[in-house]
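Summary of the model geometry
Chain by chain, the residues run as shown.
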Amino acid sequence: MTSKLDSVHARAALFDLYGDHLRSRGGQASVAALVRLMKPLEIAAPAVRTAVSRMVRQGWLHPLRLPQGAGYGLTAKCVRRLDEAALRIYRAGTLTWHGRWHLIVFEPVRDRPRRERLRADLTFLGYASLSESTWIGPRSSIELDNLLESEEVRADRFDAALEGDPRELVARAWDLAAIGEAYALWHAEAVTLISTLPEGAPPDQVFATRSRLVHGWRNFLFRDPGLPPELLPAGWPGEQARAYFEQEAARLLPAAAAFVDRELI
């Protein structure tokens with residue numbers, strides 16, 4: 001049976017590449033280097049170029065001239081998104097909870113495409129919908145101001161204390177059972193993926209394996225709001241999955257980074 005970790009779409013792979021490797025290397029790369037870096041993931045050059053063009057149209061990348069030729073760099077919007085993602089993926093900061101909730105209330109958005117973009121982005125930032133115009137999250141997001149501004153949505157925001165049992169609110173806002181099952185499935189597939197990597201594998205193969213690992217893990221940003229431990233069920237599968245991800249991502253990083261450095265020249 002094919003695992004969800006076996007395949008990675010070009011656009012998602014480029015986001016992972018810029019966030020995981022290029023962000024710390026100046027945030028830019030030539031088109032030729034991007035094509036070379038996507039090859040171990042079996043993503044062909046035309047798919048890379050199409051994905052890059054789409055990311056430019058969406059405001060994530062901007063074209064530039066590099067000594068190696070035409071290339072693309074990160075926009076400020078993309079830097080904010082990658083930094084927010086890194087905070088949650090690698091626990092690059094301390095995600096504390098003080099028993100309060102970040103509440104957002106905005107006027108109904110009548111334009112459907114804009115409404116769907118807003119819903120997807122708010123979910124990515126860890127918010128859940130209580131009603132069409134009211135969203136709640138365990139903490140505020142550094143991206144929220146820019147999101148609301150770019151979508152031209154005015155919102156009232158509150159640092160709120162809940163009167164009642166926070167677990168009841170969590171159960172209503174998020175499907176923790178489904179998220180927990182997804183973590184358990186990812187963990188099983190990740191163990192299988194790592195077990196297929198032979199000892200002493202070449203850097204390009206290590207890069208591909210680690211990229212698939214990171215890609216699968218990053219998908220949880222669209223499902224898991226990062227709730228504090230006290231609001232999660234006992235034996236939460238996400239913690240065991242996270243421990244495995246952090247262990248393997250760190251172990252494979254040196255060889256994967258060596259491959260990236262080699263292909264960027």
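In the nomenclature of an unreviewed UniProt entry, the protein is known as PaaX family transcriptional regulator C-terminal domain-containing protein of Nonomuraea antimicrobica.

**Points about the packing of aromatic side chains**
Ring pairs (aromatic) are described by centroid distance and by the angle formed between their planes. Scanning all chains against the criterion turns up twelve aromatic pairs. Look at Trp186 and Phe245: their rings are 6.3 Å apart centre to centre, the planes differ by 65°, and that puts the pair in the edge-to-face class. A residue pair is termed long-range when its members are at least 10 positions apart, and Trp186 in helix 8 (residues 176-195) and Phe245 in helix 10 (residues 237-264) qualify at 59 residues. Judged by relative accessible area, which is 0%, Phe245 ranks as buried. Taken together through their ring pairs, the aromatic side chains of Tyr183, Trp186, Trp217, Phe220, Trp236 and Phe245 make up a single cluster. In this structure, Arg81 is placed above the aromatic ring of Phe124, and the distance from its NZ or CZ to the ring centre is 4.1 Å.

**Comments concerning the sheet that holds strand 1 (residues 28-30)**
For sheets, the rule is that strands pair by backbone hydrogen bonds, running either parallel or antiparallel. Across the sheet, three strands lie side by side as 1-3-2; this open sheet has antiparallel pairing. This sheet does not close on itself; its edge strands, each paired only once, are strand 1 and strand 2 (61-66). Neighbour to neighbour, the strand axes of the sheet diverge by 30° on average, direction disregarded. Relative to strand 3 (residues 69-74), strand 1 runs antiparallel, the two being bridged by three bridges. Considered in strand 3, the bridge of Ser30 is made with Gly71. Packed on one face of the sheet, helix 2 (residues 31-38) meets strand 1 and strand 3 and runs near 90° to strand 1. Most of the contacts of helix 3 (residues 45-57) go to strand 2, to which it runs at about 115°, and overall it touches strand 2 and strand 3.

**Considering the layout of surface pockets**
Reported here for the largest pocket is a volume of approximately 750 Å³. Arg11, Phe15, Trp60, Arg81 and Asp121 are, among the 27 residues lining the largest pocket, the residues nearest its centre. Taken together, the elements giving at least two residues each to the lining of the largest pocket come down to helix 1 (10-22), helix 4 (76-89), helix 5 (112-124), helix 6 (144-150) and helix 9 (203-218). It is helix 4 that provides the largest number of residues to the lining of the largest pocket, a total of five residues. Among the residues forming the lining of the largest pocket, the class breakdown is nine nonpolar, seven polar and eleven charged.

**Considering the UniProt feature "domain: Transcriptional repressor PaaX-like central Cas2-like" (unreviewed entry) in the protein**
If you check UniProt for "domain: Transcriptional repressor PaaX-like central Cas2-like" (unreviewed entry), the listed places come out as residues 96-154 in our numbering. Across residues 96-154, the secondary structure splits into 34% helix and 24% strand, with the terminal C-alpha atoms separated by 27 Å.

**Describing helix 1**
Helix length check: helix 1, at 13 residues, gives a terminal C-alpha distance of 16 Å against a target of 18 Å (1.5 Å per residue), a shortfall beyond 12%. Most of helix 1 sits inside the fold, with ten of its 13 residues counted as buried. Within the span of helix 1, buried status applies to Ala10, Ala13, Leu14, Phe15, Asp16, Leu17, Tyr18, Asp20, His21 and Leu22.

**Some details on helix 4**
Over its 14 residues, helix 4 extends 20 Å from the first C-alpha to the last, a length consistent with the 20 Å expected when each residue adds 1.5 Å. By the burial criterion, the buried members of helix 4 are Cys78, Arg81, Leu82, Glu84, Ala85, Arg88 and Ile89. Looking straight down helix 4, one finds that the buried residues subtend no more than 160° of arc, so they occupy a single side.

Calculation rules
- Residues numbered from 1 in each chain as written.
- Predicted model: local features only at pLDDT ≥ 70, side-chain atom pairs only at ≥ 80, totals over all residues.
- Heavy atoms only, no water.
- Phe/Tyr/Trp six-rings, centres within 6.5 Å; stacked < 30°, edge-to-face > 60°.
- Helix = DSSP H or I, 4+ residues; strand = E, 2+ residues; numbered from the N terminus.
- Buried < 20%, exposed > 50% of the residue type's maximum accessible area, 1.4 Å probe, protein only.
- Lys NZ or Arg CZ within 6 Å of the ring centre and 35° of its normal.
- Pairing = 2+ DSSP bridges.
- Axes fitted to C-alpha atoms, helices over the stretch in contact; angles between N-to-C directions.
- Contact = heavy atoms within 4.5 Å.
- 1 Å grid on protein atoms, 1.4 Å probe; cavity = no way out; pocket = protein on both sides within 12 Å on 5 of 7 lines; lining within 4 Å.
- Points joined across faces, edges and corners; volume = space filled by probe spheres on them.
- Nonpolar A, V, L, I, M, F, W, Y, C, P; charged D, E, K, R; others polar.
- UniProt positions renumbered as here; feature names shortened; annotations may be inferred.
- Expected span 1.5 Å × (residues − 1).
- Arc of directions from axis to C-beta.

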